[in-house]
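# Reading the structure
Chain residues, written in single-letter form:
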Amino acid sequence: MTERRLLLLNGPNLNLLGTREPEIYGSTTLAQVEESTRELAAEFGFDLRALQSNAEGALIDAIHAARVDCAGIIINPAAYSHTSVAIADALSAVALPVAEVHLSNVARREAFRHHSYVSAVADVVIAGAGPLGYAFAVRYLADRIVS
Ligand code: DQA
């Protein structure tokens, strides 16, 4: 039986949410994002494992660990979206449903943010909805994962 657990990953600099460029990323903190995502996941019967890291390897290790006890992954890879073949490869390797979230609408920002290696392996990409994007991701995965 599929484990009723989702992995929520947030990449570099997202620990500063709430104070980091609030005109772009809003005033919601990472703790608030994790709490509301956990609450919504619970409504769908999912446990949530949340991790934020500024280190690429730590994110990759968490993706590998999800292979054995998670049913899906919500990831905001932050700047690693635009640089990390390694994170994209890890997501492909574990073969779980993946929802990629960006708080800002990356398509409307600098050109270097327009390409994401992760989008090529994600099942859904949600950008520009602010913290609501994480809620959309939970709803998508809950619908997608059959128990
Ligand atoms: C981000 C967008 C990225 O381009 C940026 O590097 C981030 C955050 C977002 O949530 O909008 O750190 O992923």
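Basis of the calculations
- Residues numbered from 1 in each chain as written.
- Predicted model: local features only at pLDDT ≥ 70, side-chain atom pairs only at ≥ 80, totals over all residues.
- Heavy atoms only, no water.
- Phe/Tyr/Trp six-rings, centres within 6.5 Å; stacked < 30°, edge-to-face > 60°.
- Lys NZ or Arg CZ within 6 Å of the ring centre and 35° of its normal.
- Helix = DSSP H or I, 4+ residues; strand = E, 2+ residues; numbered from the N terminus.
- Contact = heavy atoms within 4.5 Å.
- Near = heavy atom within 4 Å.
- Polar contact = N/O pair within 3.5 Å; in protein donor to acceptor, adjacent residues only side chain to side chain.
- Areas by Shrake-Rupley, 256 points an atom, 1.4 Å probe, with all protein chains shown as cover.
- 1 Å grid on protein atoms, 1.4 Å probe; cavity = no way out; pocket = protein on both sides within 12 Å on 5 of 7 lines; lining within 4 Å.
- Sits in = over half its atoms within 2 Å of the grid points.
- Pairing = 2+ DSSP bridges.
- Axes fitted to C-alpha atoms, helices over the stretch in contact; angles between N-to-C directions.
- Points joined across faces, edges and corners; volume = space filled by probe spheres on them.
- Nonpolar A, V, L, I, M, F, W, Y, C, P; charged D, E, K, R; others polar.

## Section: the packing of aromatic side chains
The full count for this structure, using the stated rule, is zero aromatic pairs. Note that Arg-4 overlies the ring of Phe-46, its terminal NZ or CZ placed 3.9 Å from the centroid.

## Let's talk about the side chain of Asp-69
By the element assignment, Asp-69 lies in helix 3 (residues 56-69). Beyond its immediate sequence surroundings of up to four residues, Asp-69 is in contact with Glu-3, Arg-5 and Arg-49.

## Comments concerning the site of the ligand
Every residue close to the ligand is listed here: Arg-20, Tyr-25, Asn-76, Ala-78, Ala-79, His-82, His-102, Leu-103, Ser-104, Val-106 and Arg-113. The separation between an oxygen atom of the ligand and a polar side-chain atom of Ser-104 is 2.6 Å. Between the ligand and Arg-113, the relevant distance is 2.9 Å, taken from an oxygen atom to a side-chain nitrogen or oxygen of the residue. When the ligand sits alone it has 320 Å² of accessible area, and the protein chains cover 99% of it. Its atoms largely coinciding with the cavity grid, the ligand occupies the largest cavity.

## Remarks on the sheet that holds strand 4 (residues 98-102)
Ordered by their spatial adjacency, five strands build an open sheet running 2-1-3-4-5, and the pairing between neighbours is parallel. The strands lining the two open edges of the sheet, one partner per strand, are strand 2 (47-52) and strand 5 (124-127). Sheet twist, expressed as the average angle between the axes of neighbouring strands with direction ignored, equals 15°. On the sheet, helix 3 packs against strand 1 (5-10), strand 2 and strand 3 (72-76) and is oriented at approximately 175° with respect to strand 1. Across the sheet, helix 5 (residues 132-144) touches strand 1, strand 3, strand 4 and strand 5, and the angle it forms with strand 3 is around 160°.

## Considering empty space enclosed by the protein
Within the structure shown, the criterion is met by one cavity of 30 Å³ or more. Of the volumes computed, that of the largest cavity is approximately 130 Å³. Forming the walls of the largest cavity are 14 residues, and the residues nearest its centre are Tyr-25, Asn-76, Ala-78, His-102 and Arg-109. Considering only residue class, the lining of the largest cavity consists of six nonpolar, five polar and three charged.

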